[in-house]
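Chain by chain, the residues:
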Amino acid sequence: MNASARANKWLTAVTWRRLLRDRPIVPLMGLLAILVLVIELADPGIVSPEWTGVIVRASVPLAILAGCQTLTMLTGGIDLSVAAIGSMAGFVTATLVHSPGGVAEGIIVALAAAALAGLLTGIGVGVFRVHPLIMTLGMSFVVLGLSNVWQLQMVQTGAGVPDSLRWIGSSTLAQVVPYNLLVFIPLTLLILLGLRRTGYGRLLYAIGDNPVAARLSGTRAWQVLIVLYVISAVMAAIAGLLISGLTNTASVSLVDTSLLPAVAAAVIGGTSILGGRGGFGGTIVGALILTVLTALLTVLGLPEPTRQVVFGSIIVVVAAAYTRVTSES
Amino acid sequence: MSAVTAPVGAPPANPARTVMSWAQRSSWAIGLVGLLAILLVFTKIIQPSYGVAGIQGLGISILPLGFAAVAQAVVVIAGGIDLSIGSMMALTSVIAATLMDGQSAEFGLAVVAGVLVLGLVLGAINGALVVVTRVPDIVVTLAMSFVWAGFALLVRAAPGGAASPWLMNLVIGPFGNPWIPKAAIVLVIVVAVIWIPIARSRMGLSLYAVGSNQLAAFRSGVPIGRTKIVAYALTGLFAAVGGLALTASTSIGTPVPGPYTLESVAAVVLGGVSLAGGRGGVFGPVVAVMVLQIIQNDMTFLSFDPNFALVAQGVILIGVLILGSVLESRRARR
Amino acid sequence: MTATATGLLLEATDVSKIYGAVVALKAASLAVRPGEVHALMGANGAGKSTLVKILTGAVHPDSGRIAVRGRERTVHSPGEARRGGLVSVYQEPSLIPDLDIRANLRLTDTPLEPFRHWLTQLGIENLDLSSMARRLPLATLRIVDLARALAIEPDVLMLDEMTAALPANLTQRVLEAVASHRGGDRSIIFISHRLIEIASVCDRATVLREGETVGVVDVTPGSEERIIELMLGQIAGEMPAVAGRTAAHRASVTTPRISVRGLASGTKLQDVSFELHPGEVLGVVALEGQGQDELFDILAGSQRPSSGELLVDGSAASFRHPADAIRAGLVYVAADRAEALLMQRSVRENIALPFTTRVRRWGLIDLRAERETVDAAVSRLQIDARAGNEVRRLSGGNQQKVTIARWVAGGVRTMLCFDPTRGIDIRTKQQIYLLLRDLAEAGAAVLLYTSELKEVQLVCDRAIVIFGGRVVEEISGTDADEATLLRAAYHLRSDAAMPEAVAAETVAAETVAPRASDAANGPGAEAAPPEQADPETSR
């Protein structure tokens, strides 16, 4: 038979597998391009620089939250406290808007509170070996409860999302380039560089891939994990501030709806929840894909419920595909 | 050849030992019941007017979360986890409320049966996806929580519908003695009727076996995949009961998932079920739910901000796990 | 006799199994007659365990046919095999830790009375059936596992290293129970490294080598030699000597690199003292489970001793974490590569892993310097890093070299090698021997535990022998031939003639921890059920 043709076919299949396994970002970009194409076909003329700006602006906070999941998932963990912490950050900043220190004081208090929550989470996960899922869940109860208490205390003082947050969270340059990129681009560079070029980044992968090997090589995982959950909490707070600015709202449950999409973006982006595999580049594309997909479903007149069903299905399919290509050998 | 110094043989069997070992195994649940009793007494002291109304309120308020905790316990015992319980409850709840609205009692009964079967199917789908795709259960069930919640919103975009009156009567009010809430009786009976026969059967053993040591279970001839699917299906079933309880206690169906998924995980952990699988039971989590609810009530009575209850819940959850971890490492060192 | 025309109870023909690049079984065949106890023999990694797993349905073969009582059958799962009369007792007891014994019996549909009968036969009385499996000692669990299998009267019972880790009295009972099956209608496949046991209970032996059946031998007095010949094949005795071993630099002027005094831990490690000097390779010889694991764990910082003293370069040291040991210059090479490697990461990251563990090295990596260091180590160890994107795609030998390169790259002062050549090919072994000698000549101190006694004479300047948790003998490298080491390892007086039986146990001395034979069967050998996703790591 035509052996060469068969070999060829086999070759391409293998090439695709390799591609998805080693450089998932390439097929993901392809998927993103297809989605953009589809949305343009569904509603000709929709794709424009302005539209792109809107998509990017919406993706930025999601990508940051997904970054929290990516970093923690690399070590085999997860961070479910990002929603509570992010909401808390936006909320605290809004309530402190009339304080003597103004917006700056609000942001500093918010970030410090987030870092403290992250520190406690990190101690629980790193020192006491509490499962990250449970630890971050418990921490989110604590943060949410305290936010509620704070809410009752502060409700009299008058509150509002500060103008500066609204500006950075929702304004765009020339109707196209969202200003939240001013926060996002440096943060992204820091994370990408941190994962690829620093000793700390290496250790995140090492702990997730094989905790025993990491330990035998001299890694003290608790140090790495405490720092990790502080980083994650601070990132969550930054995302919360941006969301608060974008939506011009501050509530204790503001970020809740973004929690599961954030996990989804990380998974779609090729980060394994089992640890040791993935990166932030894929996660950003994952967040863009989810945002474009949302837009597409809106254009198609398929509102929220369908979006959820489609999101869920996509996660399962994509995760199954990753599992297939990475489990061989 | 090699000298093995480990003691061989085992202590002789005797009934006292058997009771002891049962007590040892159930020590966590027994402790929880003790804690529950202490809390009730404490509540009576700080709030002398606490009585029938309080108990009835407690009964009705724990019902949905009680079933959610049982649902989570089943799958965690089998070594999995299900983050879609809240969504399955929402879906089954809206379906029940929508179908029952304005229909006869008989039709309502059929709806209940249908919803229970639906729960089994939803759970089985979760389980089949976990087994077939080999994607970690957290990811699969997280994703499915979107799917089921989406379907719930498709069924009914806003809270509404109605529960059959008999269904509401089933859970609301006292059972004979005004101190005994019907809801508690329903919770215990439903869980007992479904769970005890299963736990006693070979299937129950298989659930524990798969959660305890999958390789040993496989070698003992337990069909791993099938057992996992059954575990998820049972979780779906209990989630459906929870959905019905939600409809019965609120008289409507709400398409937006409540906080039940994550709170069920908390209740399971507090209820003495090991997240590593294979250890624990379904009644511990139910008692844990009661304990958490009473703590919340007490904080109100003590005129704490009710939101501290949430903080307390988080702190208790973390505290229990840290305590467990410290005890474990001390045992390992010895 | 219910046997069919062929007269065979079980017949497996040309069974093969490949895991990725590793050929676990090439062409294994096995024919078992009714009423015989049939030994399955082979060195580490010969494929015994894989064959057993295939016969019990835990693993699916790539090719080959299996017939029971003349009827061909495909076994899909252990449950199905069990119902079809094929049952295996594994080295690792397959009792569910969180169920009590009674529930474990119900899980496998084991009748209670026969179980009790066999339990008594096997020397365990008064077992409380309501005790949790996790609370019973390992030896008891293995006996319970065996009694459970015997109670359902399977046609073919496979026993994988059943007597390992059993005390002598229980071993005797097990052998009697096995022997009682001779001449009946049912058969037992018996896997053991102990030739003396084979000789006492087995009728015939099938020998595997590198995944192939190389012979079937009738077990008679004197057949041991033949079995060993078959097992070893051409390689036997033909290991080229490592060139250029110089006399130890062990001068009394130097402070010992490590000095261990009265080290003890738990019940295994009783009282071990020795000194390790710069420039020498010190061998550690011991039968399985004599405390060597604990010794290495303590030296590597994974475990703390219950008593005793450890001096590094003359000053007292106490390690709370492997990082402490590494800082003191003690680096550890494990036998189990799954314990040492980041399987999904690159060769480079694996080798560079120890460089960045300290907090002040968490910052930016000097990539060029790192590349130079790593490349130097890769070329020094001649690692074939073509598939270097993911270490799991490397061959076993190359993987082991990576674990060593990690420490060589940073400059070794003291290397602790725990059976580093386990399950790897002969050429890589040679390279590792040469490397260890090189390191010693450059002034490093090397502590080498090995289960292959031949290695001692090839590599070590001297060797200590541990038995029952104590150092019982010290032998200089030149005198450390296999026979001497073996006598010492069994704690026999060296002037007494070695008993015939023990001599035959050469293979047993290579004993090899239970995990080893599994590990040697290649990646995934144990990943039997396809449904299996590790429940612990997934959350």
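Look a little higher up for the structure.
Residues numbered from 1 in each chain as written. Chains lettered and ligands numbered in written order. Predicted model: local features only at pLDDT ≥ 70, side-chain atom pairs only at ≥ 80, totals over all residues. Heavy atoms only, no water.

## Here we look at the side chain of His321(C)
- Residue placement: His321(C) occurs in the loop between β15 (315-316) and α10 (322-327).
- By relative accessible area, His321(C) is classed as buried at 9%.
- Within polar-contact distance, the side chain of His321(C) engages the backbone oxygen of Thr219(A) at 3.3 Å.
- Dropping the residues within four chain positions of it, His321(C) is found in contact with Arg215(A), Gly218(A), Thr219(A), Arg220(A) and Gly301(C). (Helix = DSSP H or I, 4+ residues; strand = E, 2+ residues; numbered from the N terminus. Buried < 20%, exposed > 50% of the residue type's maximum accessible area, 1.4 Å probe, protein only. Polar contact = N/O pair within 3.5 Å; in protein donor to acceptor, adjacent residues only side chain to side chain. Contact = heavy atoms within 4.5 Å.)

## A few points about helix α3 (residues 52-77) of chain B
Residues and elements named next belong to chain B.
- For α3, with 26 residues, the first-to-last C-alpha span of 35 Å sits near the 38 Å given by 1.5 Å per residue.
- Leu63 marks where α3 bends most, by close to 45°; the proline Pro64 follows one to four residues later.
- Of all the 26 residues making up α3, 21 are buried; the element is thus mostly covered by neighbouring parts of the structure.
- Following α3 by one or two positions, Gly79 adopts a phi angle in the positive range, close to 85°. (Expected span 1.5 Å × (residues − 1). Bend = angle between axes of the 7 residues up to and from the residue.)

## Notes on the pairing of strand β8 (residues 187-191) of chain C
Residues and elements named next belong to chain C.
- Within β8, five of the five residues are buried, leaving the element largely enclosed by the surrounding structure.
- The alternating pattern of β8 places Ser187, Ile189 and Ile191 and Ile188 and Phe190 on opposite faces, both of which are buried.
- Where strand β3 (residues 37-42) lies against β8, three bridges are found, and the strand directions are parallel. Counted as the bridge partner of Val37 is Ile188 from β8.
- Relative to β8, strand β7 (residues 156-160) is paired through five bridges, and the arrangement is parallel. Looking at β8, one finds that Leu157 is bridged to Ile188. (Pairing = 2+ DSSP bridges.)

## Some points on helix α8 (residues 181-197) of chain A
All names here are of chain A.
- Between its first and last C-alpha atoms α8 spans 23 Å; for 17 residues at 1.5 Å apiece the expected length is 24 Å, and the two agree.
- Residues Leu181, Phe184, Leu187, Thr188, Ile191, Gly194 and Leu195 constitute the buried set of α8. Considered in projection along α8, the buried side chains sweep an arc of 160° and stay on one side of the axis. Within α8, the exposed residues directed more than 90 degrees away from the buried face are Leu182, Leu189, Leu190 and Arg196.
- The inward-facing, buried residues of α8 contact α3 (49-74), β2 (177-178), α9 (199-209), α11 (221-247) and α13 (280-299). (Arc of directions from axis to C-beta.)

## Brief notes about the packing of helix α4 (residues 85-100) of chain B against helix α6 (residues 137-155) of chain B
Residue and element names in this part refer to chain B.
- Direction vectors running N to C along α4 and α6 enclose 20°, while the axes themselves pass 8 Å from each other. The angle between the axes of α4 and α6 places the two elements in the roughly parallel class. Note that α4 runs across α6; the crossing there is left-handed. Contact residues: α4 offers Ser87, Met88, Ala90, Leu91, Val94, Ile95 and Thr98, while α6 offers Ser145, Trp148, Ala149, Phe151, Ala152 and Val155.
- In terms of residue class, the contact of α4 with α6 is built from 10 nonpolar, three polar and no charged. (Axes fitted to C-alpha atoms, helices over the stretch in contact; angles between N-to-C directions. Parallel < 35°, antiparallel > 145°, perpendicular 65-115°, else oblique. Left-handed = near helix turned anticlockwise from the far one by under 90°. Nonpolar A, V, L, I, M, F, W, Y, C, P; charged D, E, K, R; others polar.)

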